[in-house]
Amino acid sequence: MAERELHYLLKACRGDGLMDNVEADSTAEPKLVTRIPAEADFLYAYSTVPGYFSWRNSTHGSWFVQAFCETMERCWREKDLMEILTIVNRRVAFDYESFCNDSKMTGRKQVPSFVSTLTKKVVFCAKSELVDKDK
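Small disclaimer: the values here were computed from a predicted structure and weren't measured.

Draft legend 1. Expanded view of the packing of aromatic side chains. Tallying each qualifying case throughout the model produces 6 aromatic pairs. Ring geometry for Phe42 versus Tyr44: centroids 6.0 Å apart, planes at 10°, classification stacked. Overall, Phe42 belongs to the partly exposed group, its relative accessible area being 36%. Tyr44 gets classed as partly exposed once you look at its relative accessible area, which sits at 34%.

Draft legend 2. Structural context of the packing of helix H1 (residues 63-75) against helix H2 (residues 81-95). Following both chains from N to C, one finds H1 and H2 inclined at 135°, their axes separated by 9 Å at the closest point. In terms of axis orientation, H1 runs oblique to H2. The interaxial crossing formed by H1 with H2 has right-handed handedness. Residues Trp63, Phe64, Ala67, Phe68, Glu70, Thr71, Met72, Arg74 and Cys75 of H1 lie in contact with H2, whose contacting residues are Leu81, Ile84, Leu85, Ile87, Val88, Arg91 and Val92.

Draft legend 3. Examining H1 more closely. Helix length check: H1, at 13 residues, gives a terminal C-alpha distance of 18 Å against a target of 18 Å (1.5 Å per residue), a fit within 8%. Where H1 is buried, its residues meet strand S3 (43-46), strand S4 (56-57), strand S5 (61-62) and H2. Of the residues that open H1, the one with a side-chain oxygen 3.2 Å from the backbone nitrogen of Phe64 is Ser62.

Draft legend 4. Representation of the pattern of salt bridges. The tally for this structure, following the rule as stated, stands at 3 salt bridges. Across the pair Arg91 and Asp95 runs a salt bridge, and its minimum N-O distance is 3.8 Å. Of the two residues, Arg91 and Asp95 are both situated in helix H2; the distance of 4 residues between them amounts to about one turn of the helix. Here Arg91 falls in the buried class, since its relative accessible area comes to 16%. Overlapping salt bridges, with partners in common, bring together Glu70, Arg91 and Asp95 in one network.

Draft legend 5. Quick look at the side chain of Ser98. For Ser98, the location among the structural elements is in the loop between H2 and strand S6 (113-116). For Ser98, a relative accessible area of 4% puts it in the buried group. Engagement of the side chain of Ser98 in a polar contact is seen with the backbone oxygen of Met105, the distance being 2.5 Å. If we skip the residues at most four places from it in the chain, Ser98 touches Trp55, Trp63, Met105, Thr106, Gly107 and Arg108.

Draft legend 6. View of unusual backbone geometry. Positive phi is not limited to glycine here, since Asp41 has a value of about 65°. What makes Asp41 partly exposed here is its relative accessible area of 40%.

Draft legend 7. Molecular detail of the side chain of Gln110. One can find Gln110 in the loop between H2 and S6. Within the structure, the side chain of Gln110 is placed 2.6 Å from the backbone oxygen of Ser47, a separation counted as a polar contact. Contacts of Gln110, omitting those with residues within four sequence positions, involve Ser47, Thr48, Phe53, Ser54, Trp55, Trp63, Phe64, Val92 and Ala93.

Draft legend 8. Quick look at the environment of Met105. Among the secondary structure elements, Met105 is positioned in the loop between H2 and S6. Excluding its chain neighbours within four sequence positions, the residues that come into contact with Met105 are Trp55, Ser98 and Cys100.

Draft legend 9. Structural context of a nonpolar patch on the surface. Where nonpolar side chains cluster on the molecular surface, the patch consists of Phe42, Tyr44, Tyr46 and Val115 and spans about 350 Å² of accessible area. Summarising the element assignment, Tyr44 is placed in strand S3.

Cut-offs used in this document
- Residues numbered from 1 in each chain as written.
- Predicted model: local features only at pLDDT ≥ 70, side-chain atom pairs only at ≥ 80, totals over all residues.
- Heavy atoms only, no water.
- Phe/Tyr/Trp six-rings, centres within 6.5 Å; stacked < 30°, edge-to-face > 60°.
- Buried < 20%, exposed > 50% of the residue type's maximum accessible area, 1.4 Å probe, protein only.
- Axes fitted to C-alpha atoms, helices over the stretch in contact; angles between N-to-C directions.
- Helix = DSSP H or I, 4+ residues; strand = E, 2+ residues; numbered from the N terminus.
- Parallel < 35°, antiparallel > 145°, perpendicular 65-115°, else oblique.
- Left-handed = near helix turned anticlockwise from the far one by under 90°.
- Contact = heavy atoms within 4.5 Å.
- Expected span 1.5 Å × (residues − 1).
- Polar contact = N/O pair within 3.5 Å; in protein donor to acceptor, adjacent residues only side chain to side chain.
- Salt bridge = Lys/Arg side-chain N within 4 Å of Asp/Glu carboxyl O.
- Patch = residues over 30% accessible without salt bridge, like charges linked within 9 Å, V, L, I, M, F, W, Y side chains within 5 Å.
- Areas by Shrake-Rupley, 256 points an atom, 1.4 Å probe, with all protein chains shown as cover.

Here you go:
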């Protein structure tokens, strides 16, 4: 079972709140007002899943922050943000394991998680590339 990938798509309520909308700027037509959900375009990246300890190395810092910074440095030109976060999840889950003087705390693992309501792909480019586009 561990070798087989499982994918789930769930449709379920997560409360009884009714979502408001906000007006968004439209670049296509100046007079057009677009209404989007108030909770759209957020990305939450968590160092661990709910209910679990988030580990850090006393010398190098948080496993999650280490993996995120290293992955961003290596992949920011080729990958979008969701791909980067997925790589970070894998790196933390597979490449890190706790080692402590307390045997109860040794051999422990962690997996980050993220929640997205983004409506567009987030990609990165060098500042010089942005300046060139404005000319």
